[in-house]
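# Breakdown of the fold
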Amino acid sequence: MANIKQNSKNKKGLVIDTLVVRKLNRNILDVGQWRLALKAADNDRRQRLYELYEDILLDPVLSNGIGKRINAITNADLVFMKDEQINIEMDDLIDSPIMEEILTEIMNSKFWGKTVLELDFVDGLQAYNIPRQHIRPEKGIITINPGDEQGIPYQGDDFFLEAGKDKDFGLLLKAAPYAIFKRGGFSDWAQFCELFGIPMKVGKYSAQDEESKKALQEAFDESGGTSWMTAPKEVEIEIKESSTRGDGNLFNNFRKACNEEMLIAILGQTMTTTDGSSRAQSQVHKEGEEDINKSDRRFVQRILNTELLPRLEKRGFPVTGGWFSFPDAAETISKKDQIEIFDSFTNKLGLNIDEDFLYDFFGIPKPKSGQTKKQNPGVDPNPGPDNKRKKKEEKKKLSEKLSEVEISFWTKLREGLRSFFVLAPSVGASAEKRLDLPTNSNLSDLSVFDSEALAKRISSGSVYFDPELFHFTSSYLIKALHAGFTEKNFAVGIEYGYTPDAYKTALEMNLFHFSAAKDLAEVQKLNEAFRASTGWSDFLSKAREISTVFNETWLRAEYDTAYLTAESSATYFRLLAQQEIFPYWQYITMDDDKVRPEHAKLHGLILPASDPRWKKIWPPNGWRCRCRVKPLMKHEVKNIDIDKERARVDEFFKTAEWKKAEAQGWGVNRALTGEVFTANQMYIRKFPTKAASYLKKLTAEKWGLQTVPKLKEAAAGNMPLFTESAESVWKNESKNNILPLKIYDGRTLELDKKSFAAHTTKKDNRINLWVALRANLLSPDEIWLNDYSSTRFDNFNLIKYYRDKVIVANYKIEKKRLVLKTWYEMQTTHKVNMKPDLKKEIWDKRRRGLLIKKPGS
């Protein structure tokens, strides 16, 4: 018996804990048993049918076919949507074993018929599959003993989840007779092998010599269990074989036929599971399988949204206004549409496509040498006027359809090719000046990363994120960013709206996200290497190779990108503020042999500063791109055809170099996006939505920090209290209805009058924390980047410890300003008669995510 869990529905425990589960009745199977079980099921007594199902699932072909359909669901991306966007609040549940169990059992209703799950909400969500022998679908009850006439109603009960139709016996009903025939056929085949697998021995003796006859028979008796016969030499013996082949192929063909029929019943086809006869036929079968998988996804999605979702909402899960969704896989386009696309490439774009490639792609046999190509049937080689007009109209319709198909095909192809992890940067041309990683000689606070220590941490247990690796990467990239800014020239245009402090913070936050995504990718790669290694020395060798690629080769390109982005962004905002003086901008390269050929085509390009093309071509335009923009006055731009200049850019957009750069996340003005690395360069493309599910688990304990009580004990003194009034603070420190507050990095937060008043009213007066707040902002003990007040990791939480109290401040970028959102005293005491649990205290909600400053640093 399982442990009984109490809930509000059943004070004695779960229904599943009250069922009397009996052993399966393993009868010898034949088709008659199947017929009897079906007749009983027609009368709402299904236990015999379910026992038969359990038995036939011992067949590996049948069980693997079912597993293939179920895996297509459990392995598919399931997301929770709100406001037409992916919402990460339900990621923990979606990625849990419980959800995988729910998805599996919903799919099992396709094969078994009715499925009923019992839900338990005492501790999150638990789900228990009710044994089907105890379900009476036509009565809508769960029986304590299989076959009982009375039981517990489940229909309309929020603690039960149903899937499947009441009178459906599932696809196993169709597959059962073939599984039974196959098992019987194997028995006959085994007997055949026993009888005919070993050749018969024939011994001949002289009819006049009885002694030789006896000796021959004795010799055969002693030779073992093989078949034999003796006969006089004078007798002619002829052994005739059966009309069927004597090698057992009859049985093998019967076995294959049964397998095929079972797979057709479960998968709708056979060629994606067993060998097919041709590539073209296999592709057709694959398309049919995807249709079934798509239908399964929609079936499961409907159950989740119509049955599970309302139950979750009633129990307080954050699902209101949202829904579960399987993002459709890339659609399979027909051969006709594929041919139209290739026709577009050759006729519209003038591309030459190798003939052998086309024959191979479409699975068409290539004509032998000397054979002529057949004229398409129905095509008039000398079309008249009517045929020409008809052909012209058809060509126009084809062109319109082709345009739509091209967009759909290539969009979905690009989406389908994007993996969870992105390609790391390739090494481009060297920079004008050496933009190298800092070394011990010039940055004593940073050191070369210890790959062996990381390898030991990976081998010591299940690791998905390494704090030391994160600090190593983020420290280098932040240094590069700061080096690239030229403070005296950095001025953010009023039109764009960012304050310089908020803009720099946005770029830094982007680098923290990037470093975390890279950390997750590298650690996953190391875990894969560890599992594939034969021993420690083998793993250490692989780990060093991986570390060299991630932490030297790629990090150099990333360091240079951070530096160049900061430098280029500062230039952009400076020139944006000087448009009246410099109304034209000129694109220039370093004009040397290291410049990319495609970038060289833009050298000397002149466009108005207001031209929207600058939103795409503003450098950098690739890894380690060294291109620059030079401002020009009006009188410096003479005899320049701006239309031709624009055409140059438009031609550049058609080049393979540009398309490659766009695919790698370039083709944007990073000064306007407020980021160094785009989502397509984040190693994990779905960061922070996907990576957030991992980062939420990064508590203070995972970062190796002490508990809050211990940090309080080590603090210098008690929290200072502010004794003046809130009115005096606002009067003396505010400017233009904003109260500016300096923080640890020299930047300034803004606190508006409404928010200040909300924190200093009589009902919630925190003015007494004012001195401690200012101290926390200027010198915090810890700084965390997490999802404190949003679904994204864009909140900065500052924590300062005193002996008696702990103060927390939270700020974020809001409306392109750095805004102080709140400050408060952290609850660090326990309720009366409540046993403390230092791992699950309230402060863990604040001390979670990315630690960007730790105590003592």
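Residues numbered from 1 in each chain as written. Predicted model: local features only at pLDDT ≥ 70, side-chain atom pairs only at ≥ 80, totals over all residues. Heavy atoms only, no water.

### Thoughts on the overall build of the chain
Within the chain one finds 26 helices and 21 strands. When each of the 857 residues of the chain is scored for burial, the buried share is 44%. Pairs at least 24 residues apart make up 71% of the contacts formed inside the chain by residues separated by at least 6 positions. For the chain, the computed accessible surface area is about 46500 Å², with 51% contributed by carbon and sulfur atoms. (Helix = DSSP H or I, 4+ residues; strand = E, 2+ residues; numbered from the N terminus. Buried < 20%, exposed > 50% of the residue type's maximum accessible area, 1.4 Å probe, protein only. Contact = heavy atoms within 4.5 Å. Areas by Shrake-Rupley, 256 points an atom, 1.4 Å probe, with all protein chains shown as cover.)

### Section: helix α19 (residues 642-652)
At 3.6 residues per turn, the α-helix brings residues three or four places apart onto the same side. For α19, the complete set of buried residues consists of I642, E645, V649 and F652. Down the axis of α19, the sector holding all buried residues measures 75 degrees, keeping them to one side. Among the exposed residues of α19, those pointing more than 90 degrees away from its buried face are D643 and K644. As for α19, its buried residues are in contact with β12 (584-588), α17 (597-600), β13 (605-608), α18 (614-617) and α20 (656-663). Where α19 begins, the side chain of D641 points an oxygen toward the backbone nitrogen of D643, at a separation of 3.0 Å. (Arc of directions from axis to C-beta. Polar contact = N/O pair within 3.5 Å; in protein donor to acceptor, adjacent residues only side chain to side chain.)

### Section: the sheet that holds strand β6 (residues 141-142)
Sheet architecture is open: three strands sit in the order β5-β6-β7, paired in antiparallel fashion. Strand pairing shows two members of the sheet lacking a second neighbour, β5 (135-136) and β7 (152-153), which therefore form its edges. As paired strands, β5 and β6 are joined by two bridges and run antiparallel to one another. Residue pairing in the sheet places R136 in a bridge with I141 of β6. (Pairing = 2+ DSSP bridges.)

### Some thoughts on helix α5 (residues 97-112)
End to end, α5 covers 22 Å across 16 residues, agreeing with the expected 22 Å (1.5 Å per residue, within 8%). Most of α5 is tucked away: 12 of the 16 residues are buried. (Expected span 1.5 Å × (residues − 1).)

### Observations regarding the packing of helix α14 (residues 467-484) against helix α15 (residues 500-532)
Direction vectors running N to C along α14 and α15 enclose 145 degrees, while the axes themselves pass 9 Å from each other. Relative to α15, the crossing made by α14 is right-handed. The segment α14 lies against α15, with L469, F470, T473, S474, L477, I478, L481 and H482 engaging K504, L507, E508, L511, F512, F514, S515, A516, K518, D519, E522 and V523. Each residue belonging to the contact of α14 with α15 can be placed in one class, and the counts come to 11 nonpolar, four polar and five charged. (Axes fitted to C-alpha atoms, helices over the stretch in contact; angles between N-to-C directions. Left-handed = near helix turned anticlockwise from the far one by under 90°. Nonpolar A, V, L, I, M, F, W, Y, C, P; charged D, E, K, R; others polar.)

### Some words on the side chain of S515
Along the chain, S515 falls in helix α15. Once residues within four sequence positions are removed from consideration, S515 is found in contact with F470, T473, S474 and L477.

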